[in-house]
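Topology and contacts: notes
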Amino acid sequence: ANSIFVGYAGGGSDVGVEIKTDASTGTAVYFVHSTTTACGSITVGSSATAFNTSSDYRLKENVVDMTGAITRLKTLKPKRFNWIIDEGNELLDGFLAHEVDDVVPQAIFGEKDEMKDGEPSYQGIDQSKLVPLLTGALQEAITKIESLEARVAALET
């Protein structure tokens with residue numbers, strides 16, 4: 001049957017939260033706005049999990065093709081870093097949230113240097129929100145490459 005299990009540190013389990021569906025595939029978590037409009041889900045398959053953000057055209061308006069993606073992409077500043085708390089100092093690739101906020105603000109939650117009750121309230125990033133910009137920039141680059149290839153081919157004949 002469907003179930004949810006919440007573990008705790010030291011409880012003999014390495015699982016913090018476990019969610020089961022009563023089938024090998026299906027929706028494990030379904031997110032809705034207060035208006036009952038679906039806004040996302042977590043679905044499971046026989047061996048995979050998908051994190052789904054609503055993207056149906058019927059939920060959108062003022063849809064236009066993206067332009068200037070390469071220009072915007074060039075302003076992102078990818079970094080190499082390790083987490084302060086990571087004793088192994090493993091180097092990772094990523095971004096600083098406040099730097100991405102200027103380019104793809106919908107990818108960032110929280111405010112730079114925000115404090116709550118005298119404690120830091122850290123920013124976060126949903127890196128999946130960068131995919132449309134990356135795709136747009138790649139498409140623009142491919143168009144430029146194809147145009148240059150055609151010009152070179154014309155010059156060679």
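In this report, the structure presented in the accompanying data block is examined.

Calculation criteria
Residues numbered from 1 in each chain as written. Predicted model: local features only at pLDDT ≥ 70, side-chain atom pairs only at ≥ 80, totals over all residues. Heavy atoms only, no water. 1 Å grid on protein atoms, 1.4 Å probe; cavity = no way out; pocket = protein on both sides within 12 Å on 5 of 7 lines; lining within 4 Å. Points joined across faces, edges and corners; volume = space filled by probe spheres on them. Helix = DSSP H or I, 4+ residues; strand = E, 2+ residues; numbered from the N terminus. Nonpolar A, V, L, I, M, F, W, Y, C, P; charged D, E, K, R; others polar. Patch = residues over 30% accessible without salt bridge, like charges linked within 9 Å, V, L, I, M, F, W, Y side chains within 5 Å. Areas by Shrake-Rupley, 256 points an atom, 1.4 Å probe, with all protein chains shown as cover. Salt bridge = Lys/Arg side-chain N within 4 Å of Asp/Glu carboxyl O. Buried < 20%, exposed > 50% of the residue type's maximum accessible area, 1.4 Å probe, protein only. Expected span 1.5 Å × (residues − 1). Contact = heavy atoms within 4.5 Å. Core = buried A, V, L, I, M, F, W, Y, C linked by side-chain atoms within 4.5 Å.

The next thing to look at is the layout of surface pockets. Of the volumes computed, that of the largest pocket is approximately 680 Å³. Going through the elements one at a time, β7 (92–94), α2 (97–101) and β11 (124–125) are the ones with two or more residues in the lining of the largest pocket. Counted by class, the lining of the largest pocket contains 10 nonpolar, 7 polar and 5 charged residues. Put simply, the second largest pocket is a space of about 290 Å³. Lining the second largest pocket, in full, are Thr 53, Met 66, Arg 72, Val 104, Gln 106, Ser 128, Lys 129, Val 131, Pro 132 and Leu 133. If you tally residues by element for the lining of the second largest pocket, the top one is helix α3 (residues 131–156), at 3 residues. Of the residues contributing to the lining of the second largest pocket, the split by class is 5 nonpolar, 3 polar and 2 charged.

On the surface, a nonpolar cluster with roughly 380 Å² of combined accessible area is contributed by Ile 4, Val 6, Val 17 and Ile 19. Contributing elements (two or more residues each) for the nonpolar patch: β1 (3–6) and β2 (17–20). Looking at the secondary structure, you find Ile 19 in strand β2. The exposure class of Ile 19 is partly exposed, given its relative accessible area of 39%.

Bringing α3 into the picture now. An ideal rise of 1.5 Å per residue puts 38 Å on 26 residues; α3 measures up with 37 Å between its terminal C-alpha atoms. Listing the buried residues of α3 in full gives Leu 133, Gly 136 and Ala 137. In the core, the buried residues of α3 are packed alongside α1 (69–75).

Under the counting rule described, the total for this entry stands at 5 salt bridges. Put simply, Asp 56 and Arg 58 hold a salt bridge, and the shortest N to O gap is 2.7 Å. Here Arg 58 falls in the exposed class, since its relative accessible area comes to 64%. A salt bridge links Asp 93 to Arg 80; its shortest N-O distance comes to 2.6 Å. Of this pair, Asp 93 sits in strand β7 while Arg 80 is found in strand β6 (residues 79–81), placing the two residues 13 residues apart along the sequence.

Turning our eyes to something else, we now look at the side chain of Ser 41. For Ser 41, the position within the fold is in strand β4 (residues 38–44). When its relative accessible area of 13% is taken as the criterion, Ser 41 is described as buried. When residues no more than four places from it in sequence are discounted, the contact partners of Ser 41 are Thr 27, Val 29, Tyr 30, Phe 31, Ala 50, Phe 51 and Asn 52.

Quick look at unusual backbone geometry now. A positive phi angle, close to 55 degrees, is found at Asn 62, a residue other than glycine. Relative to the helices and strands, Asn 62 is located in the loop between β5 (49–53) and α1. Non-glycine residue Asn 89 carries a positive phi angle of around 55 degrees. Note on placement: Asn 89 falls in the loop between β6 and β7.

Let's shift gears to the nonpolar core. Core analysis: the largest hydrophobic core is formed by 11 residues, namely Ala 69, Leu 76, Ala 97, Val 100, Val 103, Val 104, Ala 107, Ile 108, Leu 130, Leu 133 and Ala 137. When residues of this core are traced back to their parent elements, those giving at least two are α2 and α3.

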